[in-house]
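# Structural characterization, general
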Amino acid sequence: MSAADVQVTEGAELSAFYRNLAAAELQPLWTQGRSLQPFEPAPATRVHLWSGAAVRELAVESGRLIGLDGGGDRRVLSLANPGLGGQPYATSTLWAAVQYLGPRESAPAHRHSQAALRFVLEGSGTWTTVDGDACDMEPGDLVLTPAWTWHDHTNGGDQPMMWFDGLDMPLVNMLDAQFFERYAADRQPVSGHNLSAAAYEGDADGLADLARPPSDEESFSPLFVYRWERTDRELAGRLAVSASGAAELDFVSPLTGRAVLPTLGCHMTRLAAAAATAPRRKVGSSVYVAWAGEGRSVIDGTELTWRAGDFFCSPSWAYVEHHAVAPSDLFELSDRPALEALHLFRQETAGSPQVIHRRLGR
Ligand code: GTQ
Ligand code: FE2
């Protein structure tokens, strides 16, 4: 028998071995390449911008074409990241969407394991009832519907209402941890209006510094609505004493000083005209709502030009820097609290701005 014959025998034996592995539902690690253990996060999520004007127009059209009675319960358009193979998710861990509620419409009560929050874009006269507390929604307000709280939305006014929804949907679904329940009636009973807001008015306003004291009580904030007026005032105060022209805050629980929800974090950045943030990268993704102003952000070398109303996202471990052209406010939704809870969070700041290698226009 020649050496070549041995090779052939071994080759055939090896092929049979791989076939037997597959038949036994086994897979070798050694054929997988680096994809299972990349040297650093390798997200499928792409840097992307959704034009606010385009989203708004289609949301208005959905209001004209789609009823709430057809079993859909919510008239919602999700921001679908082009890197996620057609899944309706903004990033690998975050659901982000625009919800449209016409005058006198109401979206029925339900609850789910997925935690949700709303950042109000436009309209007035609508409230979200959260476990009996009817929270009025005005532009710039942040409204929480924590996991397993009953929630329904009612537009009692004559203006259409639009808000940004953020949920931990992909994360909870990936963990196979989702439960959903419909309330027996369209609306739950209201015990009062703006109860949590009244309880936490005053000094304990739920807005604190980036560094927050640890606490092991309470999984979510008992304050369900963070009024724009207070957010704005807090940002203005911080900007007034900022040397960089940038002011940032985290929305936190007034009880614990921790993130508003165990899986979702909310952050706000205010920039004076021509001010910028340093390039930072963190584990975990974010979705941004350009709430005011105009500017550009550089995310992993891709420059996005935005103005008020636009939405964009950053993948895990991508360097992010924001540059304001006009005085600007950016609302940021992230999965940071989930990563921190799992001790997977890291972040870094770079010394110099990124080199731009691609531009995404709007
Ligand atoms: O308003 O309850 O965007 O349950 C996705 C799922 C909104 C809501 C969404 C939801 C809701
Ligand atoms: Fe919901």
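Computed from a predicted structure; not experimentally measured.

### Details of the pairing of strand β15 (residues 246-251)
- Counted residue by residue, β15 has six buried out of six residues, so it is predominantly covered.
- Going residue by residue along β15, you find A246, E248 and D250 tucked away on one face and A247, L249 and F251 tucked away on the opposite face as well.
- In this sheet, strand β16 (residues 265-271) lies alongside β15 in antiparallel orientation, the contact comprising five bridges. Bridged to A247 within β16 is R270.

### Focus on the confidence of the model for the protein chain
- Looking at the protein chain, pLDDT values average 92 and 92% of them are 70 or higher.
- Within the protein chain, the element-level pLDDT minimum falls on strand β13 (residues 207-208), averaging 42, and the maximum on strand β18 (residues 286-292), averaging 99.
- Note that pLDDT drops below 50 for residues 203-216; the model gives that stretch 40 contacts with residues more than four away or on any other chain.

### Considering the coordination of the iron ion (ligand 2)
- At this site the iron ion (ligand 2) is bound by H110 (NE2), H112 (NE2) and H151 (NE2), with donor distances of 2.1 Å.
- Coordination of the iron ion (ligand 2) draws on donor residues from a single chain, spaced H-x1-H-x38-H in sequence. Separated by 41 residues along the polypeptide, H110 in strand β4 (residues 106-112) and H151 in strand β9 (residues 151-155) bring together distant segments of the chain.

### What to know about the pattern of salt bridges
- Summed over all chains, the structure comprises 17 salt bridges.
- Across the pair E40 and R281 runs a salt bridge, and its minimum N-O distance is 3.9 Å. You can see E40 sitting in the loop between α1 (3-23) and β1 (48-50) and its partner R281 sitting in strand β17 (residues 280-282), a full 241 residues away along the chain.
- Exposure remark for R281: the relative accessible area of 16% places this residue in the buried category.
- The salt bridge partner of E229 is R233, with a shortest N-O separation of 3.2 Å. Here the residue E229 and the residue R233 both occupy positions in helix α5 (residues 228-240), the gap between them amounting to four residues, near one helical turn.

### Considering the layout of surface pockets
- Computed from the structure, the largest pocket encloses a volume of approximately 580 Å³.
- What lines the largest pocket is a set of 25 residues, among which V283, G284, S316, L339 and L344 lie closest to the centre.
- Along the lines of polarity and charge, the residues of the lining of the largest pocket split into 13 nonpolar, eight polar and four charged.

### Section: the site of ligand 1
- Neighbouring ligand 1 are 13 residues, the closest being R74, W95, R118, H153 and D165.
- R74 has a polar side-chain atom sitting 2.8 Å from an oxygen atom of ligand 1.
- Between an oxygen atom of ligand 1 and a side-chain N or O atom of H151, the distance comes to 2.9 Å.
- Here ligand 1 loses 93% of its free accessible area of 290 Å² to cover by the protein chains.
- At the level of elements, β3 (95-101), β4, β9 and β10 (161-167) are the ones that each hand at least two residues to the shell around ligand 1.
- Ranked by residues supplied to the shell around ligand 1, first place goes to β3 with three residues.
- For the shell around ligand 1, a count of residues per class yields five nonpolar, five polar and three charged.

### Details of the nonpolar core
- Counting 36 residues, the largest nonpolar core has F164 and F331 as the members making the most contacts within it.
- With near-sequence residues (within four places) excluded, F331 lies in contact with L117, F119, L142, F164, F251, C266, H267, M268, V287, Y288 and V289.
- Core analysis: the second largest hydrophobic core is formed by 13 residues, L68, L101, V120 and M161 among them.

### What about the environment of E234?
- With respect to the helices and strands, the residue E234 is situated in helix α5.
- Exposure remark for E234: the relative accessible area of 23% places this residue in the partly exposed category.
- For the pair E234 and L249, spaced 15 residues apart in sequence, the C-alpha to C-alpha distance is 8.3 Å.

### Observations concerning the sheet that holds strand β12 (residues 192-193)
- Strand order in the open sheet formed by six strands is β11-β4-β9-β6-β7-β12, and the pairing between neighbours is mixed. A strand with exactly one partner marks an edge of an open sheet, and here the two such strands are β11 (180-182) and β12.
- Relative to β9, β4 is paired through three bridges, and the arrangement is antiparallel. The residue of β9 that forms the bridge with H110 is H151.

The rules behind the values
Residues numbered from 1 in each chain as written. Chains lettered and ligands numbered in written order. Predicted model: local features only at pLDDT ≥ 70, side-chain atom pairs only at ≥ 80, totals over all residues. Heavy atoms only, no water. Buried < 20%, exposed > 50% of the residue type's maximum accessible area, 1.4 Å probe, protein only. Helix = DSSP H or I, 4+ residues; strand = E, 2+ residues; numbered from the N terminus. Pairing = 2+ DSSP bridges. pLDDT = per-residue confidence, 0-100. Contact = heavy atoms within 4.5 Å. Donors = N, O, S within 2.8 Å, 3.2 Å for Na, K, Ca; no water. Salt bridge = Lys/Arg side-chain N within 4 Å of Asp/Glu carboxyl O. 1 Å grid on protein atoms, 1.4 Å probe; cavity = no way out; pocket = protein on both sides within 12 Å on 5 of 7 lines; lining within 4 Å. Points joined across faces, edges and corners; volume = space filled by probe spheres on them. Nonpolar A, V, L, I, M, F, W, Y, C, P; charged D, E, K, R; others polar. Near = heavy atom within 4 Å. Polar contact = N/O pair within 3.5 Å; in protein donor to acceptor, adjacent residues only side chain to side chain. Areas by Shrake-Rupley, 256 points an atom, 1.4 Å probe, with all protein chains shown as cover. Core = buried A, V, L, I, M, F, W, Y, C linked by side-chain atoms within 4.5 Å.

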